[in-house]
Amino acid sequence: MTKAGRRLPKVRHPEVGLDNGVEEATLLILEWLGEQGVGAMIRVDAERMREARPTWTFAAHGGPFPDGMRADGTSVAECMGRALLRLREAGLDVPF
């Protein structure tokens with residue numbers, strides 16, 4: 001809790017079972033990114049769904065993405081898989 005009278009920073013590394021997909025960790029990933037100073041969101045686009053285009057979008061801004069980044073996919077798992085790859089390539093060691 002404290003060390004020499006100072007409050008230690010809150011570090012969160014939730015455990016996600018290996019049998020769970022990235023969908024199970026998406027909200028935890030978003031929260032972790034926020035704690036790192038990166039604003040992020042995931043959304044579904046009904047219009048693109050009707051057009052049979054990639055429906056899911058992950059977007060982030062801040063940290064190593066001053067101009068933002070985006071990843072799209074036809075499912076949450078595909079979208080987040082692409083997003084995690086780009087986040088890790090940018091040097092964010094996402095702990096999920």
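Structure's up top.
I will try to describe carefully the structure that is included in this document. Computed from a predicted structure; not experimentally measured.

### Comments concerning the sheet that holds strand β5 (residues 65–73)
If you walk across this open sheet you meet the 3 strands as β3-β4-β5, and the pairing is antiparallel. Pairing within the sheet leaves two strands with one partner each, and these edge strands are β3 (39–44) and β5. This sheet shows a mean twist of 15 degrees between the axes of neighbouring strands, independent of strand direction. Taken together, the 6 bridges between strand β4 (residues 56–62) and β5 define a ladder with antiparallel strand orientation. In the strand pairing of β5, Thr 57 is matched with Asp 72. Lying over the sheet, helix α1 (residues 22–35) contacts β3 and β4, oriented at roughly 150 degrees with respect to β3. Those strands touched by helix α3 (residues 76–89) are β3, β4 and β5, and its axis lies near 150 degrees from that of β5.

### Let's talk about the side chain of Thr 26
Note on placement: Thr 26 falls in helix α1. Accessibility expressed as a relative area gives 5% for Thr 26, which makes it buried. Once you skip the residues sitting within four places of it in the chain, Thr 26 turns out to touch Ile 42, Val 76 and Met 80.

### Focus on α3
Taking 1.5 Å per residue, 14 residues should reach 20 Å; α3 reaches 20 Å between its end C-alpha atoms and fits that length. On the buried face of α3, the contacting elements are α1, β3, β4 and β5.

### Quick look at the pattern of salt bridges
Tallied over the entire structure, the rule returns 6 salt bridges. Here Asp 72 and Arg 70 are joined by a salt bridge, their closest N and O atoms 3.1 Å apart. Residue Arg 70 is classed as partly exposed on the basis of its relative accessible area of 49%. Salt-bridge contacts for Glu 78 lead to Arg 82; the nearest nitrogen and oxygen are separated by 2.8 Å. Note that Glu 78 and Arg 82 are positioned in helix α3 at a spacing of 4 residues, about one turn of the helix. Taken together, the shared-partner salt bridges connect Arg 43, Asp 45, Arg 48, Arg 70 and Asp 72 into one network.

Basis of the calculations
What you see as residue numbers is a count from 1 along each chain, following the sequence as written. Owing to the predicted nature of the model, reporting of local features is limited to residues with pLDDT of at least 70; listing and counting of side-chain atom pairs is limited to 80 or more, with chain, interface and lining totals taken over all residues. Computation of side-chain values covers all heavy atoms of the structure but excludes hydrogens and water. Each pair of strands is called paired provided DSSP finds at least two bridges between the two strands. Strands here mean DSSP runs of E at least two residues long; helices mean DSSP runs of H or I at least four residues long; both are numbered from the N terminus. The convention used is that axes are lines fitted to C-alpha atoms, helices contributing only their stretch in contact, and that angles between N-to-C directions extend from 0 to 180 degrees. Two residues form a contact once any of their heavy atoms are found within 4.5 Å. Residue exposure (1.4 Å probe, protein chains only): buried if accessible area is under 20% of the type maximum, exposed if over 50%, otherwise partly exposed. To estimate how far a helix should extend, the number of its residues minus one is multiplied by 1.5 Å. Every case where a carboxyl oxygen of Asp or Glu lies within 4 Å of a side-chain nitrogen of Lys or Arg is listed as a salt bridge.

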